[in-house]
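So you can see what is in the structure, the chains are spelled out below.
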Amino acid sequence: SARANRLQAVTARLAEAVTPQQVLDAILTEGVEAAEGRAGAIGLLCHDGETIDIVAQRGYEQNIFVGWETFPLDRETPMGRAILEETPFFFSTSAERNAAFPNMAGLSGPSHALAILPLVVEGRAVGGIAFTFPREIEFDANRRALKATLAQQAAQAIDRVRLYEAERALRQRMTFLADASELLG
């Protein structure tokens, strides 16, 4: 099916990605297309655990995130609530979204439907992914399952490159320490 092919494309692209930026690009390029969305954004929890950084976005107007590059983790934003509650939110219309989050009205530009899902790794949310749609959408069980699969793949890929980066940094430190020890030795 077309949906299975889209998921395979996401999986293949994520498997090839080795840097954080490549992972984020793959998630948004392939993920937005697989989700049948107009645009997407990924927010990750900062080290302080109290703020969210929008680390990547695709398909939005250039200035839409001005003032929202980093924002507090709270229940006043769809992404904040999705992360805190580790629960996806699906809004089929702009009216639904604006009723639930009146302070966000107008932020998503000319879109109607919105899906926001937490990125969960080892039982804890590390961020969120948002997909916006140019029309109203009924989020049936199949659409919700597809978005959940995309979010799960994104979370795993982000975690994988974070671990890889940490391991690389540790190897560099160990090499430095070994060299320093040899010099002092």
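Position numbers for residues count from 1 along each chain, tracking the sequence in the order it is written. Owing to the predicted nature of the model, reporting of local features is limited to residues with pLDDT of at least 70; listing and counting of side-chain atom pairs is limited to 80 or more, with chain, interface and lining totals taken over all residues. Side-chain calculation: all heavy atoms of the structure are included, whereas hydrogens and water are not.

### Quick word on the overall build of the chain
From N to C terminus, the chain includes five helices and six strands. For the chain, the spread of C-alpha atoms along the three principal axes comes to 70 × 40 × 30 Å. Buried residues in the chain amount to 42% of all 185 residues. For this analysis, residues touch if any pair of their heavy atoms sits within 4.5 Å. By sequence separation, contacts in the chain at least 24 residues apart represent 55% of the contacts at least 6 residues apart. Carbon and sulfur atoms provide 53% of the accessible area of the chain, an area that totals close to 9900 Å². Computed over 18 positive and 24 negative side-chain charges, the inter-centroid distance for the chain is 5 Å. Numbering of helices and strands runs from the N terminus, with a helix taken as a DSSP run of H or I at least four residues long and a strand as a DSSP run of E at least two residues long. Each residue's exposure class comes from its accessible area (1.4 Å probe, protein chains only) as a fraction of the maximum for that residue type: buried when under 20%, exposed when over 50%, partly exposed otherwise. Computed by Shrake-Rupley with a 1.4 Å probe, the accessible areas treat only the displayed protein chains as cover when residues are assessed. For this count, His and the chain ends are skipped, Lys and Arg are scored as positive, and Asp and Glu as negative. In this description, the location of a charge corresponds to atom NZ of lysine, CZ of arginine, CG of aspartate or CD of glutamate.

### Digging into the environment of Ala-115
One can find Ala-115 in strand E5 (residues 113-121). On the accessibility criterion, Ala-115 (0% relative accessible area) is buried.

### Topic: a negative patch on the surface
Only residues above 30% relative accessible area that lack a salt bridge enter a patch, with like-charged residues linked at up to 9 Å and the nonpolar side chains Val, Leu, Ile, Met, Phe, Trp and Tyr linked at up to 5 Å. By salt bridge we mean one thing: a side-chain nitrogen of Lys or Arg within 4 Å of a carboxyl oxygen of Asp or Glu. A contiguous patch of negative charge on the surface is contributed by Glu-96, Glu-136, Glu-138 and Asp-140. Relative to the helices and strands, Asp-140 resides in the loop between strand E6 (124-133) and helix H5 (141-184).

### A closer look at the nonpolar core
Counting residues in hydrophobic clusters, the biggest one holds 35 residues, and the most contacted among them are Ile-42 and Leu-119. Broken down by secondary-structure element, the contributors of at least two residues to this core are helix H1 (2-16), helix H2 (20-34), strand E1 (39-45), E5, E6 and H5. Sorting elements by how many residues they give to this core places H5 first, with eight residues. Buried residues of nine kinds, namely Ala, Val, Leu, Ile, Met, Phe, Trp, Tyr and Cys, make up a nonpolar core once their side-chain atoms join them within 4.5 Å. In terms of nonpolar packing, the next biggest core, distinct from the first, is built from 20 residues, Ala-39, Ile-64, Ile-83 and Met-104 among them.

### Looking at the packing of H1 against H5
Axis definition: a line fitted to C-alpha atoms, over the contacting stretch in the case of helices. Angles run 0 to 180 degrees between N-to-C directions. Interaxial distance between H1 and H5 falls to 10 Å at its minimum, and their mutual angle equals 5°. When the axis of H1 is compared with that of H5, the two are roughly parallel. For the pair H1 and H5, the contacting residues are Arg-3, Leu-7, Val-10, Thr-11, Leu-14 and Ala-15 in the first and Asn-142, Arg-143, Leu-146, Thr-149, Leu-150, Gln-153, Ala-154, Ala-157 and Arg-160 in the second. Under this grouping Gly is polar, as are all residues other than the nonpolar Ala, Val, Leu, Ile, Met, Phe, Trp, Tyr, Cys and Pro and the charged Asp, Glu, Lys and Arg. Taken together, the residues of the contact of H1 with H5 sort by class into eight nonpolar, four polar and three charged. Orientation is classified from the angle alone, with under 35 degrees giving roughly parallel, over 145 giving roughly antiparallel, 65 to 115 giving roughly perpendicular, and any other angle giving oblique.

### Concerning the packing of H1 against H2
The geometry of H1 relative to H2 is characterised by a closest axis approach of 9 Å and an angle of 175° between their N-to-C directions. By the criterion of interaxial angle, the relationship of H1 to H2 is roughly antiparallel. Of H2, the residues touching H1 (which contributes Arg-6, Ala-9, Val-10, Arg-13, Leu-14 and Glu-16) are Gln-22, Val-23, Asp-25, Ala-26, Ile-27, Thr-29, Glu-30, Gly-31, Glu-33 and Ala-34. For the contact of H1 with H2, the residue count by class is seven nonpolar, three polar and six charged.

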